[in-house]
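Fold and geometry: a report
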Amino acid sequence: MRPSWIEIDVDAIKSNARVMSAAIAPAALCAVVKADGYGHGDVPSAEAALAGGASWLAVALVEEGVRLREAGIEAPILLLSEPADGDTASIVRWNLHPTVYTPEFADALGEAVGASTDYPVHLKLNTGMHRVGVDPVNAFSLARKVAGDPRLTLEGLWTHFAVAEEDVEYTRRQTVSLLRFRETLAAEGIEPVIVHAANTAGGLLLGESRFDMVRAGLGIYGLRPGPEVGTEEPLRPAMRVVSQVAFLRTLPAGERPSYGRRRALGGRSLVATVPIGYADGVPRRLSDIGEVLIRGKRYPLAGAITMDQIVVDIGEDEVAVGDEVVLLGDQGEESITADEWASKLDTINYEIVCGFGPRLPRRYRGAVDGQ
Ligand SMILES: *Cc1c(COP(=O)(O)O)cnc(C)c1O
């Protein structure tokens, strides 16, 4: 096997869930494990988050929820969107808690659950994200439809924030819209038992947005949605992307390694070849600005990132074939964070951790039940 993999520290995920739970208490923690747990592996991330204090899980797709159930996970699972293919049968069969924002989907769910089972659904209100969710003007009739359908019960009411990490005022307004709508429903005797709004940033920055539950993804994986978003006990990044030095050669000054011969070596240099590339999700745009860690020290790439390999400029230092190479994560005292990549690539840390491909095996370190 090629010595390149993603190492996931499940103890870190468990610890992050504990830290997040404490920060948002008494609100419950719903761990968002969509997109294969933001690239960390959905089932291990879910198990670790539950062990750390999460009581709910959330996914984007029906099949993501099914994967958790097939792995034996019994915690309640919130489905964040109406499925595009309308697969209500799988939702009911696997006991997922669906989100509803159209009357058509509410009808379809009612039909799928059959006679008077009080199947729990969550109504999503659009308060300013403008992606999915029922607009306030239509929300009341939809809520009444769900609440009045004996086959369904309105278990939850929720919304989603657009700028929780950077605009507290806008987030506060979204929170107030949700609150007002809840009051309107209450006046009609409709009282969803779980009201939720906050993501990681909202939950940590705006106490009044926590309601009964916080849907946190990023924080669970030890990342922060913004520089101001923090916890008393620090969150621990759970992902390391590692490989090994596979081959070494010494080149004279002026040589230009890798495709395109992009850059000349400044002096006589030891150059290391490492078997990981853009096919694994290492963005090729890091070719001129990327660094890796070997023996606890940073080294720049020596040229273009290729599909399967990178070339590292070791300069006058010494390294050996088989030495661990860290692309993302810590080694010794040094660390390369997803935030560093995100800033170099003008994107967000979410995209970095979600971007590694299936060719990199995930290896899990730590024990969910132990410690
Ligand atoms: C992804 C997602 C979350 C989690 O957001 P984080 O910023 O990762 O905490 C919460 N709610 C919804 C609707 C989402 O899509």
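Our subject is the structure that appears above.
Residues numbered from 1 in each chain as written. Predicted model: local features only at pLDDT ≥ 70, side-chain atom pairs only at ≥ 80, totals over all residues. Heavy atoms only, no water.

This brings us to the sheet that holds strand 15 (residues 310-315). Spatial strand order, 11-12-15: three strands in an open sheet with antiparallel pairing. What marks the edges here is a single partner per strand, and that holds for strand 11 (247-251) and strand 15. When the angles between neighbouring strand axes are averaged without regard to direction, this sheet yields 30°. As defined by bridge partners, strand 11 adjoins strand 12 (residues 269-274) across five bridges and the pair is classed as antiparallel. Bridge assignment links Thr250 to a residue of strand 12, and that residue is Leu270. (Pairing = 2+ DSSP bridges. Helix = DSSP H or I, 4+ residues; strand = E, 2+ residues; numbered from the N terminus. Axes fitted to C-alpha atoms, helices over the stretch in contact; angles between N-to-C directions.)

Once that is clear, we can look at the environment of Ala187. With respect to the helices, strands and loops of the structure, Ala187 is situated in helix 8 (residues 168-187). In this structure Ala187 comes out as exposed when scored by relative accessible area, which is 70%. (Buried < 20%, exposed > 50% of the residue type's maximum accessible area, 1.4 Å probe, protein only.)

Angle between the axes and distance between the axes are the two parameters that describe a pair of packed helices. With their axes 10 Å apart at the nearest point, helix 6 (residues 103-113) and helix 7 (residues 136-148) run at an angle of 5° to one another. By the criterion of interaxial angle, the relationship of helix 6 to helix 7 is roughly parallel. Touching Pro103, Ala106 and Asp107 of helix 6 are Leu142, Lys145 and Val146, all from helix 7. Residue composition of the contact of helix 6 with helix 7, grouped by class: four nonpolar, no polar and two charged. (Parallel < 35°, antiparallel > 145°, perpendicular 65-115°, else oblique. Contact = heavy atoms within 4.5 Å. Nonpolar A, V, L, I, M, F, W, Y, C, P; charged D, E, K, R; others polar.)

Taken together, 14 residues form the shell around the ligand, and within it Lys34, Tyr38, Thr200, Leu218 and Tyr350 come nearest. Here an oxygen atom of the ligand sits 2.6 Å away from a polar atom, N or O, in the side chain of Lys34. Its free accessible area being 390 Å², the ligand has 93% of it covered by the protein chains. A class-by-class count of the residues in the shell around the ligand yields seven nonpolar, four polar and three charged. (Near = heavy atom within 4 Å. Polar contact = N/O pair within 3.5 Å; in protein donor to acceptor, adjacent residues only side chain to side chain. Areas by Shrake-Rupley, 256 points an atom, 1.4 Å probe, with all protein chains shown as cover.)

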